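Chain residues, written in single-letter form:
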Amino acid sequence: MKKIYIGICLLFFGLAYGCNNFLEESSQDEMRPSSIEDLEQIVQGSCYFNPNATGGTGGVNFYHITDIFTDNIQCNGVGTSSDQYVYENMDAMFTWDINMFRTDGDGDKPQFYNKPYVGIGACNVILDYLDQMEGDRDLREYLRGEVLALRAWYYFHLVNFFGLPYNSTIGSPEENPGVPLQLTSSVVEAPASRNTVKEVYDQILGDLTRGFQLMSEHYFDKGIYRLSPKSAAAMLSRVYLCLEDWDKAIAYADTVLSYQSGLLDLNTEELPDLATSLDAPVTVYNPSEPTEILWVREYSPTTIYTKPNSGDAVTPWSVSDELSASLFEGYTATQVATSPGATTTDLRAYFYFQWTRMNNGTYYLVFPDKPMNRAGAENGRTHGIRTAEVYLNRAEAYIRKAIEGGNDASFVQKALDDLNLLRSHRYMNYTPLDVQDASQLLDICLTERRKELVGEMNNRWFDIRRCGITYSHTKFAHVGEEVTVDLKPGMYALPIPQAAMDRNSELIQNVIYYH
């Protein structure tokens, strides 16, 4: 039997070089897993991202890395010399520069390409050797389903990083290049070319659907830090939203909410006293109060989006004025913090962001580098999938169906029910929406997605891609120097990092889309 310990090596040595060099031989005296239980330990340690580990799937990850591309972030220039590195580490990404992942750009960012492939390689090891291990059949099949779903999750992010959207106005999913598919743990000698966007999505759907079925049929309760039938169904709802298959997006949302439908009511939580504390004492990702958590993972922050650092100096990247304005309903953060009559009813302004106060008394929101993670979270920074997103998925799908059906009133009402339920848990003194125009309701729904899912799991960037949203980014390097770049649909496909291109001669760069 081939050496199973190869899978463990993925964790420590990060062997995802492109997609044609996942595995290497290890010494003959390494311990070999012999049971399903042994493989389960590898699943937990190597297949999932672990921010506290070194190498492999440890350290930086892709849970919080695409916000720099979105309209949620703005550039403030370099306020102090100490901020120069922070600026130069992300300025090429901020302007969607084709050279962003080169040494003359922002440098190689392994969390975009290498890290997901490390996770895929670890998943492939488990899938290849499950049937050779002794142990309980139900546990074997549950693990198979879990790892299939996790592999799909990695590919879903990769194809949304480096492929054009499925519904792109450029080419077609049958023609546009996605990412290479590697589906076994065996070493592939020849460089691997990019599969099409459709081929990658077909694999994602196949893995996720089978994973959901296996975990449902051979169920084990593994807790909120491991994938489950409900989190796999939530992923399927998200994927079908990208594919514009509204019926299936709704069906899988229904499935999720039949398992778990709760929402954390922010009205029941104590608002922070901004004169004495800038942190809200609650999180929707509190493992001790998992009202709406379907799946959660710790992550390592890779970006800095604060307004001031010390004193009155601004830092290079912060919450955009546009996003802040949508939360404060016409007020500023300073007015809300200091004026008794200025109150935002959107509680996410208090609970989803950290606040900060400059020496001159001006208040700003700090982008959720540790989103919704305050005193209540025992395990540091966490991201995941929540019922709130599932309600939004279903609401949008109903609205899209209403628009396609000539403003079908029944679908509008179903979307309103979902949106009003969510909003009643997020706004003070809430008055339900009664919007009967589907197009107007779609704008409201997308705004709710932007505010509800801010900073989480790359949601905003993926929504921008699939909805075809465009805008401009202006960066300031020095006084009097500014560069404004318009986001074009071709820029939705990020350039493949140069390090990956150097390792795999068959990879085709996305440069054609940037001209």
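This text follows the structure it describes.
Rules and cut-offs
- Throughout, residues of each chain are indexed from 1 in the direction in which the sequence is written.
- Local features in this predicted model are restricted to residues of pLDDT 70 or higher, and side-chain atom pairs are both shown and tallied only at a pLDDT of 80 or more, whereas totals for entire chains, interfaces and linings draw on every residue.
- Heavy atoms from the whole structure form the basis of all side-chain values; hydrogens and water molecules are not counted.
- Helix numbers and strand numbers start at the N terminus; a helix is a DSSP run of H or I with at least 4 residues, a strand a run of E with at least 2.
- Throughout, exposure labels follow a simple rule: accessible area from a 1.4 Å probe, protein chains only, divided by the maximum for the residue type, with under 20% read as buried, over 50% as exposed, and the rest as partly exposed.
- Here the Shrake-Rupley method, with its probe set to 1.4 Å, supplies the accessible areas, and only the displayed protein chains count as covering residues.
- The span one expects for a helix is its residue count, reduced by one, times 1.5 Å.
- Classification of ring pairs rests on two measures: the distance between centres of Phe, Tyr or Trp rings, Trp counted by its six-membered ring, which must be within 6.5 Å, and the angle between planes, read as stacked under 30 degrees, edge-to-face over 60 and tilted in between.
- Buried Ala, Val, Leu, Ile, Met, Phe, Trp, Tyr and Cys residues that are joined via side-chain atoms within 4.5 Å together make up what is termed a nonpolar core.
- Between two residues, a contact is recorded if the distance between any of their heavy atoms is within 4.5 Å.
- Strands pair, by our definition, only if DSSP identifies at least two bridges between them.
- Put simply, a disulfide is two cysteine sulfurs that come within 2.5 Å.

1. Focus: the overall build of the protein chain
Counting secondary structure elements, the protein chain contains 17 helices and 8 strands. Taken across its 515 residues, the protein chain has 60% of its residues classed as buried. By element, 48% of the accessible surface of the protein chain is carried by carbon and sulfur atoms, the whole surface being about 19,000 Å².

2. Brief notes about unusual backbone geometry
It is generally the case that most residues other than glycine have a negative phi and that most peptide bonds are trans. With phi around 50°, W96 is a residue other than glycine that occupies positive phi space. Inspection of the secondary structure puts W96 in the loop between α4 (91-94) and α5 (114-129). Here W96 falls in the buried class, since its relative accessible area comes to 1%. The phi torsion at E329 lies on the positive side, around 55°, for a residue other than glycine. Summarising the element assignment, E329 is placed in the loop between α10 (321-328) and α11 (333-338). Judged by its relative accessible area of 38%, E329 falls in the partly exposed class.

3. Focus on α5
Between its terminal C-alpha atoms α5 stretches 23 Å, which fits the 22 Å expected from 16 residues at 1.5 Å a residue. Among the 16 residues in α5, 15 count as buried, and that is most of the element.

4. Side note on the packing of aromatic side chains
Scanning all chains against the criterion turns up 29 aromatic pairs. Seen in terms of ring centroids, F94 and W317 are 5.0 Å apart; in terms of plane orientation they differ by 45°. Their pairing is tilted. Of this pair, F94 sits in helix α4 while W317 sits in strand β3 (residues 317-319), placing them 223 residues apart in sequence. Grouping residues by exposure puts F94 and W317 together as buried. For the ring pair F156 and F462, a centre distance of 5.8 Å and an interplane angle of 85° mean the geometry is edge-to-face. Here the residue F156 occupies a position in helix α6 (residues 137-162), and F462 occupies one in helix α16 (residues 459-467), the gap between them amounting to 306 residues.

5. Topic: the nonpolar core
In terms of nonpolar packing, the biggest core is built from 155 residues, with F162, I204, W317 and W461 touching the most fellow members. No other element matches the 16 residues that α6 contributes to this core. Discounting residues that sit within four places of it in the chain, I204 has contacts with A152, Y155, F156, V159 and V239.

6. Some words on the pairing of strand β6 (residues 382-386)
Regular strands have side chains that alternate between both faces of the sheet. Among the 5 residues of β6, 5 are classified as buried, and the element is accordingly described as predominantly covered. Two strands pair when backbone bridges link them, and strand β2 (residues 293-298) and β6 are joined in this way by 5 bridges, in the antiparallel orientation. Counted as the bridge partner of V296 is G384 from β6.

7. Considerations on the side chain of K401
Turning to its location among the elements, K401 is positioned in helix α13 (residues 387-404). When near neighbours in sequence (up to four residues on either side) are disregarded, K401 contacts W246, D247, I250 and F411.

8. Side note on the state of the cysteines
Within this structure, the stated rule accounts for 0 disulfides. The thiol of C445 is unpaired, and the distance to the nearest cysteine sulfur, on C467, comes to 9.2 Å. On the basis of relative accessibility, which here comes to 0%, the residue C445 falls in the buried class.

9. Some thoughts on the environment of W153
Along the chain, the position of W153 falls in helix α6. Looking at W153, the relative accessible area reads 2%, which means it is buried. Distance from W153 to G119, taken between C-alpha atoms, is 9.9 Å for residues 34 residues apart in sequence. The residues contacting W153, other than those within four sequence positions of it, are F62, Y63, M235, R238, W295, I385 and M457.

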